[in-house]
Amino acid sequence: MAAEIVVIEGDGIGKEVVPAAVEVLEAFDSDFEFVEADAGDATKAATGEALPAETFEAAASADATLFGAAGETAADVILPLREAVESFVNVRPATAYPGVDALRPETDVVFLRENTEGVYSGHEDRLSDDLSTLTRVVTSSASRELAEFACEFVADGRGPNGDADEGFTVVHKANVMRETDGRFREEVLSVADEHDVDADEELMDAFATKLPLDPGQYGVVVCPNLAGDVLSDLAAGLVGGLGLLPSANIGHDNALFEPVHGTAPDIAGEGIANPTAAVLSAALLLEYLGHVEEGQRVRDAVTGVLSDGPRTGDLGGEATTDEVTAAIVDRL
Ligand code: NAI
Ligand code: MG
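This text gives an overview of the structure that appears in the document. The model shown is predicted, which means the values in this text are computed figures rather than measured ones.

Rules behind the numbers
Residues numbered from 1 in each chain as written. Chains lettered and ligands numbered in written order. Predicted model: local features only at pLDDT ≥ 70, side-chain atom pairs only at ≥ 80, totals over all residues. Heavy atoms only, no water. Phe/Tyr/Trp six-rings, centres within 6.5 Å; stacked < 30°, edge-to-face > 60°. Buried < 20%, exposed > 50% of the residue type's maximum accessible area, 1.4 Å probe, protein only. Pairing = 2+ DSSP bridges. Helix = DSSP H or I, 4+ residues; strand = E, 2+ residues; numbered from the N terminus. Axes fitted to C-alpha atoms, helices over the stretch in contact; angles between N-to-C directions. Contact = heavy atoms within 4.5 Å. Right-handed = clockwise from strand over helix to strand, strands pointing away. Expected span 1.5 Å × (residues − 1). Parallel < 35°, antiparallel > 145°, perpendicular 65-115°, else oblique. Nonpolar A, V, L, I, M, F, W, Y, C, P; charged D, E, K, R; others polar. Patch = residues over 30% accessible without salt bridge, like charges linked within 9 Å, V, L, I, M, F, W, Y side chains within 5 Å. Areas by Shrake-Rupley, 256 points an atom, 1.4 Å probe, with all protein chains shown as cover. Salt bridge = Lys/Arg side-chain N within 4 Å of Asp/Glu carboxyl O. Core = buried A, V, L, I, M, F, W, Y, C linked by side-chain atoms within 4.5 Å. Arc of directions from axis to C-beta.

What follows concerns the packing of aromatic side chains. The full count for this structure, using the stated rule, is 6 aromatic pairs. Between Phe32 and Phe34 the ring centres are 6.2 Å apart and the planes differ by 70°, which places this aromatic pair in the edge-to-face class. On the accessibility criterion, Phe32 (13% relative accessible area) is buried. On the basis of relative accessible area, Phe34 is assigned to the partly exposed category, the value being 26%.

Now the structure itself:
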C-alpha cells in the first residue's frame, strides 16, 4: 500500500526547501502518495487559522508529515502538529559534515529529547501581581517510553557510531530536581539495564561545558524536554549552522519531519536557501518508513555535495537551492 505523506511547506523558505526534499523523495521509485496541506502565517491571513482542522487531521491520519517552517505562528502550528502525530520523542542529529566550517568538526551527536512533558507541559499560572508559577510534569510512562525508543535506536545501530553496543548518555539534573529528574533518571537507567544497553549519565550543566570542549566523547544523548531543546541547539552551533540540521518527531504510528531552522525571512523568496536540513529530514522520513538503505543514500549524497559543492550562500558558496538539490539528486 502506498505510504501517505502530508507535505506542509508553510512560510518563507519552507516554500523553497520542502519542494527540494520532495524532489529527493521522488528520486526513489518508492510508492509514496503526497498530499499537500496548508499552515502558517499566510494560511492564518487567508483563513483566520494558522493550522486549519483539515491540516491537523491530514497529519493525524497520514503515515508521515514533512513540514517546512511557519513564521510568527510557528508555536501555533508546530505544537499542535506534534500532538497530531502523538510524538513522544524528538530526534535531532547534529553532525559536522566535511567541507562545512564547523566550530567542532568532530561533532556527531544525536539528541533524543522527551517531547511531551517537563516544563513544556503548559501548566503555567499567574497567581498574583508578583508571582507566576510553572508545574514541571514527569511521568514514569513517558520517561520509559523515551528510554525504550533510545534502546531500540542504539540496538538498530542508528547512533553515530552505528554500533549496536554504542549505548547512550542520559542528561539530567537529578541532584537538584530530585523528584522530577530523579524519576526521569531512574526510569531511563532502569530501562537501559533491562535491555542490556550501556547508559552513562551526566548532569546537564556539566554536559553543557563538556559538549563544546570535547563533543567526540558523546554519541546518543537522552534528555528531558527543555534540556534537549537547549542542548541540541548548542550542538547545532558546533556543527556550522541551522541550514544543515534535520529533526524528527516520532509517535507510535505516525511522525513529523522538519528542518530545525525557521522561515529565514532575510533570504526568503530569493531561491538561495540551503535545502540540506529539509533533505536530511526527508532521509529521516525514509528511514522511519522502513527505507533504511535509501535514507543512508540520501545522507551520502548530501555529504558528497557538502564536501565538493555546489554550496549555498550560508556555506560560502553562490549556488541556488535548485542547483544544490539537482546535485544531490544526481548523486542518488
Ligand atoms: P531562522 O532559522 O528562520 O533564521 C536564522 C538565520 O539562519 C537567518 O539568518 C537565516 O537566513 C539563516 N537560515 C536559516 N535556515 C537557513 C537555510 N536553510 N539556508 C540558509 N540560511 C538559513 O530563525 P529566525 O530568524 O529566528 O526566525 C525567523 C522566523 O521563523 C520567525 O518568524 C520564527 O518564528 C520562525 N521559526 C519557525 C520555526 C518552525 O516553524 N519550526 C523554527 C524557528 C523559527
Ligand atoms: Mg528550539
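Structure's up, so let's keep going.
What follows covers the sheet that holds strand 1 (residues 3-10). The sheet built from 10 strands is open, its strands ordered 2-1-3-12-11-4-5-10-8-9 with mixed pairing. This sheet does not close on itself; its edge strands, each paired only once, are strand 2 (32-37) and strand 9 (199-203). Put simply, the sheet's adjacent strands are angled 20° from each other on average, direction ignored. With 6 bridges connecting them, strand 1 and strand 2 associate as parallel partners. Bridge assignment links Ile8 to a residue of strand 2, and that residue is Ala37. Lying on the sheet, helix 7 (residues 204-213) is in contact with strand 5 (108-114), strand 8 (168-172), strand 9 and strand 10 (220-223); it crosses strand 9 at an angle near 95°.

Below, the discussion takes up the pairing of strand 9. Two strands pair when backbone bridges link them, and strand 8 and strand 9 are joined in this way by 5 bridges, in the parallel orientation. Across the sheet, the residue bridging to Thr169 is Asp200, located in strand 9. At this point the chain moves from strand 8, through helix 6 (residues 180-194), to the parallel strand 9, and the crossover so formed is right-handed.

The next subject is helix 10 (residues 292-308). In an α-helix, one turn spans 3.6 residues, which is why side chains three or four residues apart end up on the same side. Spanning 17 residues, helix 10 covers 25 Å between terminal C-alpha atoms, matching the ideal 24 Å at 1.5 Å per step. Along helix 10, the positions that sit buried rather than exposed are Gly295, Val298, Arg299, Ala301, Val302, Gly304, Val305 and Leu306. Looking at the buried residues of helix 10, the elements they touch are helix 1 (14-26), helix 9 (276-288) and helix 11 (321-331). Backbone geometry just downstream of helix 10 places Gly309 in the positive-phi region, at approximately 85°.

It is worth spelling out the packing of helix 7 against helix 8 (residues 225-239) at this point. Contact geometry for helix 7 and helix 8: axes closest at 10 Å, N-to-C directions at 10°. In this view, helix 7 runs roughly parallel relative to helix 8, as classed from their interaxial angle. Here Met204, Phe207, Ala208, Leu211 and Pro212 of helix 7 lie close against helix 8, whose contacting residues are Ala227, Leu231, Leu234, Ala235 and Leu238. For the contact of helix 7 with helix 8, the residue count by class is 10 nonpolar, no polar and no charged.

Attention shifts here to a nonpolar patch on the surface. A cluster of nonpolar side chains, contributed by Tyr120, Leu226 and Val230, occupies part of the molecular surface with about 260 Å² of accessible area. Position of Val230 among the secondary structure elements: in helix 8. Since its relative accessible area comes to 49%, Val230 is described here as partly exposed.

Attention now moves to the nonpolar core. Val91, Leu112, Phe168 and Phe257 are the most contacted members of the largest nonpolar core, which has 63 residues in total. Tallying contributions element by element places helix 9 first for this core, with 8 residues. Excluding residues within four positions of it along the chain, Phe168 makes contact with Ala150, Cys151, Val188, Ala192, Val197, Asp198, Ala199, Asp200, Val220 and Val222. Listed in part, the 19 residues of the second largest apolar core include Phe111, Val171, Ala235 and Leu245.

Using the criterion set out here, one finds 12 salt bridges in the structure. As a salt-bridge pair, Glu187 and Arg144 come within 2.7 Å of each other at their nearest N and O atoms. Here Arg144 lies in helix 5 (residues 140-155) and Glu187 lies in helix 6, a separation of 43 residues in the sequence. Residue Glu187 is classed as buried on the basis of its relative accessible area, which comes to 15%. Since its relative accessible area comes to 24%, Arg144 is described here as partly exposed.

Once that is clear, we can look at helix 7. Regarding helix 7, the residues found buried are Met204, Phe207 and Leu211. Projected down its long axis, helix 7 shows its buried positions confined to an angular sector of 40°, all on one face. Elements in contact with the buried residues of helix 7: strand 5, strand 8, helix 6, strand 9, strand 10 and helix 8.

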